[in-house]
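Residue strings, one per chain:
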Amino acid sequence: MENNKRSSFTGKLGFVLAAAGSAVGLGNIWRFPYLAAKYGGGIFLLVYLILAVTFGFALMTAEIALGRKTKLSAIGAFKALNNKFAFLGYLAALVPIIILPYYSVIGGWVTKYLVTFISGNGLNAASNGFFDAFISSTGEPIGWFLLYLGLTALVVLFGVEKGIEKVSKIMMPILIALSLFIAVYSIFMPGAIDGVLYYITPDFRKFSITTVLAAMGQLFYSMSLAMGIMITYGSYMKKKVNLESSVGQIEIFDTGIAFIAGLMVVPAAYAFSGGDPAELGKGPGLMFDVLPKIFDNMYGGQIIGTLFFILVLFAALTSSISLMETVVSIFCDKLKMGRKTACLAVFILSVALGLPSALGYGVLDGIKIIGFPFLDFFDFISNSIIMPIVAFLTCIFIGYIIKPKAIIDEVELSSKFRRKKLFVIVIKYIAPICIVAILISSVLDAFEIMKI
Ligand code: PFF
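Conventions adopted
Residues numbered from 1 in each chain as written. Predicted model: local features only at pLDDT ≥ 70, side-chain atom pairs only at ≥ 80, totals over all residues. Heavy atoms only, no water. Buried < 20%, exposed > 50% of the residue type's maximum accessible area, 1.4 Å probe, protein only. Helix = DSSP H or I, 4+ residues; strand = E, 2+ residues; numbered from the N terminus. Arc of directions from axis to C-beta. Patch = residues over 30% accessible without salt bridge, like charges linked within 9 Å, V, L, I, M, F, W, Y side chains within 5 Å. Areas by Shrake-Rupley, 256 points an atom, 1.4 Å probe, with all protein chains shown as cover. Salt bridge = Lys/Arg side-chain N within 4 Å of Asp/Glu carboxyl O. Expected span 1.5 Å × (residues − 1). Contact = heavy atoms within 4.5 Å. Near = heavy atom within 4 Å. Polar contact = N/O pair within 3.5 Å; in protein donor to acceptor, adjacent residues only side chain to side chain. Phe/Tyr/Trp six-rings, centres within 6.5 Å; stacked < 30°, edge-to-face > 60°. Lys NZ or Arg CZ within 6 Å of the ring centre and 35° of its normal. Axes fitted to C-alpha atoms, helices over the stretch in contact; angles between N-to-C directions. Parallel < 35°, antiparallel > 145°, perpendicular 65-115°, else oblique. Left-handed = near helix turned anticlockwise from the far one by under 90°. Nonpolar A, V, L, I, M, F, W, Y, C, P; charged D, E, K, R; others polar.

Asker: Sorry if this is basic, but what is going on with helix α9 (residues 192-200) here?
Answerer: Residues three or four positions apart in an α-helix share a direction because the helix packs 3.6 residues into each turn. Turning to α9, its buried residues number three or more, namely Ala192, Gly195, Val196, Tyr198 and Tyr199. Down the axis of α9, the buried set is contained in an arc of 160°. They therefore lie on one face.

What follows is the structure, encoded as structure tokens:
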């Protein structure tokens, strides 16, 4: 990637859509609602929104500007600005390597649901225990995982980037419209109104450091931050494109879709469980348990369900393609591999890392790493440990090594930097202190889980 023939996005729209395509994925539709349901509803939403307009804004601006300034992807960018920080690029690059395999396991779940709906059995998926029976089996989760990963690899191999961009422009608006429709339906289900209140009214008694930890991990994940992706994207951005307003638009896109997905899932989950905390805190399975039940209740649910899972699959694919593309380009650059060999190597590595996640709720149920099933462990280690470390060091790097002015100058190449003061305060003081606090608490949390 680090060569002279660097391609670039045609304009602002191209850049914002491509970045939003990477950002909007399973994180928004699958992960955000279950975290919101688990960590107290409204209070989680509020903490998330505050973090998005402060931390999210500052870090995304910093990463995109770093990329645009150096015209290099993460590994090269840190090195070019300070040799001693080259390791930070490698650390960031480790994140997509960890995420891609388990992301593909969940992508496999989505594929399974889509095929179930297409084959006319969608309403079976609404029965209690369907999801648990599926993920605790052996052959099926593996098969769907391999299919999904294979699909991702195929696209990356052929590099149909243009096609994907074009399709994104059509699919993304449809996804939003359909989600809104399902959200409205979900809100008006009997018993759902309490769920809506649970989701939008902050209950400060439910506030804890874990809420902030979970919200921050989700923010990094959802906005594809602290893993080098936005640095790479920034390196493709033209100097005349307004950087600050692009960041604002990506944030609105990403947070908006997460919010709507929460409206789809949380009120319905509340209605079906009567607000039982054990059900609401169910975790990764929430979306898969709840949505089929909504479709089951809905006139034309079979068709709407099919359409919905097509779009989720699409949102997931655009994200996993960008994850795999990043890993492949690292392998090409650093291990001097050809593109085909690199694709194959990344595929094999991801199968090896993904298999334990695919089996973690079934035959490997007995094996836990520091108290977590495999999939949850990979999610935890990347989101709660490595990404905060990368984010912390990035803040130190910008705040104290290259100094915020380097980033401000880059932003001001294209426009006035309106939130300049906020940026400097967050990067230099607030973010590093909060991230360290959060990191400590998440390590303590892990010890807590281990004891059980
Ligand atoms: N941001 C994506 C999501 O919310 O699903 C996940 C992701 C995609 C992370 C691509 C990283 C990435 F490069």
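Asker: For this particular structure, what's the right way to read a nonpolar patch on the surface?
Answerer: Together, Tyr400, Ile401, Ile425, Tyr429, Ile430 and Ile433 make up an exposed nonpolar region whose accessible area comes to about 560 Å². Counting only elements with at least two residues in the nonpolar patch, the list comes to α17 (374-401) and α19 (420-451). Here the nonpolar patch gets 4 residues from one element, more than from any other, and that element is α19. Note on placement: Tyr429 falls in helix α19.

Asker: Would you take a moment to explain helix α7 (residues 139-158) for this structure?
Answerer: For α7, with 20 residues, the first-to-last C-alpha span of 28 Å sits near the 28 Å given by 1.5 Å per residue. Where α7 is concerned, the buried positions are Pro141, Ile142, Trp144, Phe145, Tyr148, Leu149, Thr152, Ala153 and Val156. Its buried side turned inward, α7 meets α5 (86-118), α6 (130-135), α15 (301-334) and α16 (339-359).

Asker: Would you mind showing me how to read the site of the ligand here?
Answerer: Around the ligand, 15 residues are found, and the nearest of them are Ala23, Gly27, Tyr103, Tyr221 and Ile229. A distance of 3.3 Å is found between an oxygen atom of the ligand and a side-chain nitrogen or oxygen belonging to Asn28. The contact in question runs from a nitrogen atom of the ligand to an N or O atom on the backbone of Tyr221, over 2.9 Å. Out of a free accessible area of 330 Å², the ligand has 100% covered by protein chains. At the level of elements, α1 (12-23), α2 (26-38), α10 (209-222) and α15 are the ones that each hand at least two residues to the shell around the ligand.

Asker: I would appreciate a short explanation of the environment of Met230 in the present structure.
Answerer: Here Met230 lies in helix α11 (residues 229-235). Judged by its relative accessible area of 0%, Met230 is buried. Apart from residues lying up to four places away in sequence, Met230 is in contact with Ala19, Met60, Glu63, Ile64, Met223, Ser224 and Leu225.

Asker: Got a minute to help me understand the side chain of Ser222 in this structure?
Answerer: Of note, Ser222 is situated in helix α10. Exposure remark for Ser222: the relative accessible area of 0% places this residue in the buried category. Look past the residues within four positions of Ser222 in its chain and what remains in contact with it is Ala23, Asn28, Tyr48 and Asp254.

Asker: Would you mind showing me how to read unusual backbone geometry here?
Answerer: The phi angle of most residues is negative, glycine excepted, and most peptide bonds adopt the trans form. In this structure, Ser224 is a non-glycine residue whose phi angle is positive, near 55°. Structurally, the position occupied by Ser224 is in the loop between α10 and α11. A residue is classified by how much of its surface remains accessible, and Ser224, at 5% relative accessible area, is buried.

Asker: Explain the environment of Asp379 here, please?
Answerer: On the secondary structure map, Asp379 appears in helix α17. Sequence spacing of Asp379 and Ala437 is 58 residues, and the spatial spacing of their C-alpha atoms is 20 Å. Here Asp379 is in contact with Arg31, Tyr34, Tyr102, Tyr221 and Ser384, once residues within four sequence places are set aside. Separated by 2.8 Å, the side chains of Asp379 and Arg31 make a polar contact.

Asker: Explanation requested: the packing of aromatic side chains in the structure shown.
Answerer: Per the counting criterion, the structure on display carries 28 aromatic pairs. Both rings, one in Phe131 and one in Phe288, keep their centres 5.2 Å apart while their planes meet at 10°; by these two values the pair is stacked. On the criterion of sequence distance, the pair formed by Phe131 in helix α6 and Phe288 in helix α14 (residues 286-297) is long-range, its members being 157 residues apart. Accessibility classification places Phe131 together with Phe288 in one group, the buried group. Positioned above the aromatic ring of Tyr221 is the side chain of Arg31, whose terminal nitrogen or guanidinium carbon lies 4.7 Å from the ring centre. The side chain of Arg419 reaches across the aromatic face of Phe57, ending 3.9 Å from its centre.

Asker: How should the packing of α1 against helix α12 (residues 243-273) be read in this particular structure?
Answerer: How two helices sit against one another is set out by the angle between their axes and by the gap between those axes. Contact geometry for α1 and α12: axes closest at 9 Å, N-to-C directions at 40°. Between α1 and α12, the crossing angle belongs to the class labelled oblique. α12 is crossed by α1, and the crossing has right-handed handedness. From α1, Lys12, Phe15, Val16, Leu17, Ala19, Ala20 and Ala23 reach across to α12, where they touch Ser245, Ser246, Gln249, Ile250, Phe253 and Asp254. Each residue belonging to the contact of α1 with α12 can be placed in one class, and the counts come to 8 nonpolar, 3 polar and 2 charged.

Asker: Could you clarify how one ought to interpret the environment of Leu355 in this entry?
Answerer: By secondary structure assignment, the location of Leu355 is in helix α16. Residue classification places Leu355 among the partly exposed positions, given a relative accessible area of 29%. Each C-alpha atom, one on Leu355 and one on Lys336, is 27 Å from the other, the two residues being 19 residues apart in sequence. Beyond its immediate stretch of four places on either side in the chain, Leu355 contacts Ile142 and Phe145.

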